Each structure stands twice: as C-alpha cells, then as structure tokens.
Amino acid sequence: MIESIQIQQIAEIVRRAGLNDQTLSVLREHFSELHFSHCLDDELGADEPFLADEDFNLYLVDGRAHCLKLTRDPECATGLLLAEVEAHA
C-alpha cells in the first residue's frame, strides 16, 4: 500500500530535482519500503498514469503476485514507475 501523502511527496521531489539517477537514489533511500523504476513514458503505450506532470508521469505498480502489473489502486501498489515525458519540438 502506498499512501496518498507519499505519492504527493515523491511527485514533489521529482518536480524539484528532476527525474534522474540521483533523484531515484534519494527516493529509494527515503522510501526504502517501495520499489522504484524509471523509463520513458512513450514506452508504456496506452496506459493512463496515476499522476500526470509536465516532465514525468507516475504509475503505480502492483508487485504482490508473481508478475508486476500497473494498477490505479494505491491499496494494491508496492512501487512506482516514474516515466519521463520527453519534450516534443
């Protein structure tokens, strides 16, 4: 389970620091009970993010079963996928 306040804190950290390896390391240290992944948003296809931001989208991941899957339910979430939104020129 991921609490709403945690999601908001994580989003604010990424907004301020940017989505990069150093930020992910800080998130993993500060929220050690959660799993964090990173990718480009266009790699995800049609899935809707749980939280959309200008430079990144945040998806919730359910890792309770054998395979990881995206979820929209924070009660089922065990981690977050932070997807970088690339600026289109």
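Keep in mind that this is a model prediction, so the values were computed, not measured. (Residues numbered from 1 in each chain as written. Predicted model: local features only at pLDDT ≥ 70, side-chain atom pairs only at ≥ 80, totals over all residues. Heavy atoms only, no water.)

A. Molecular detail of the overall build of the chain. The secondary structure content of the chain amounts to two helices and five strands. When the elements of the chain are put in sequence order from the N terminus, they spell out α-α-β-β-β-β-β. Relative to the globule expectation of 12 Å for 89 residues, the C-alpha radius of gyration of the chain, 12 Å, shows essentially globular dimensions. Expressed along its principal axes, the backbone C-alpha trace of the chain runs to roughly 40 × 30 × 20 Å. When the 89 residues of the chain are sorted by exposure, 37% land in the buried category. Summarising the internal contacts of the chain: among those between residues at least 6 apart in sequence, 54% fall at separations of at least 24. Of the roughly 5,600 Å² of accessible surface on the chain, 48% is carried by carbon and sulfur atoms. Here the chain contributes 6 positive and 18 negative side-chain charges, whose respective centroids are spaced 6 Å apart. (Helix = DSSP H or I, 4+ residues; strand = E, 2+ residues; numbered from the N terminus. Rg over C-alpha atoms; globule rule 2.2 N^0.38 Å. Buried < 20%, exposed > 50% of the residue type's maximum accessible area, 1.4 Å probe, protein only. Contact = heavy atoms within 4.5 Å. Areas by Shrake-Rupley, 256 points an atom, 1.4 Å probe, with all protein chains shown as cover. Lys, Arg positive; Asp, Glu negative; His and termini not counted. Charge placed at Lys NZ, Arg CZ, Asp CG, Glu CD.)

B. Local environment of the pattern of salt bridges. One pass over the full model with this rule turns up four salt bridges. Ionic pairing is found between E12 and R15, a salt bridge with its closest N-O pair at 3.1 Å. You can see E12 and its partner R15 sitting in helix α1 (residues 4-17), three residues apart, about one turn around the helix. Notably, a salt bridge pairs R15 with D53, separated by 2.6 Å at the nearest N-O pair. Within this pair, whereas R15 is found in helix α1, its partner D53 is found in the loop between β2 (51-52) and β3 (56-62), the two being separated by 38 residues in sequence. (Salt bridge = Lys/Arg side-chain N within 4 Å of Asp/Glu carboxyl O.)

C. Just the state of the cysteines, in detail. Here the structure, examined in full by the defined rule, presents zero disulfides. Here C67 is not cross-linked by a disulfide; its sulfur's nearest cysteine counterpart is in C76, at 16 Å. (Disulfide = S-S within 2.5 Å.)

D. The pairing of strand β5 (residues 79-84), seen in detail. Within β5, five of the six residues are buried, which leaves the element mostly enclosed by the surrounding structure. Pairing of strand β1 (residues 35-40) with β5, which is carried by six bridges, proceeds in the parallel orientation. Bridging across to β5, C39 finds its partner in A83. (Pairing = 2+ DSSP bridges.)

E. Structural view of the nonpolar core. One finds I10, F36, L58, L80 and L82 to be the most contacted residues of the largest nonpolar core, which totals 18 residues. Among the secondary structure elements, those contributing two or more residues to this core are α1, α2 (21-30), β3 and β5. At four residues, α1 tops the list of elements feeding residues into this core. Those residues in contact with L80 that lie beyond four places of it in its chain are I2, I10, L34, H35, F36, S37, L58, Y59, L60 and V61. Counting residues in each nonpolar core, the second largest holds six residues, with C39, L44, Y59 and V61 among its members. (Core = buried A, V, L, I, M, F, W, Y, C linked by side-chain atoms within 4.5 Å.)

F. Fine view of the side chain of Q6. Structurally, Q6 is set in helix α1. The contacts of Q6, once residues within four sequence positions are left out, are M1, F31, E33 and L34.

G. Representation of the side chain of T23 in the model. Relative to the helices and strands, T23 is located in helix α2. The class of T23 is buried, set by a relative accessible area of 4%. Those residues in contact with T23 that lie beyond four places of it in its chain are I13, V14, A17 and G18.

The values reported here are purely geometric and, on their own, carry no functional implication.
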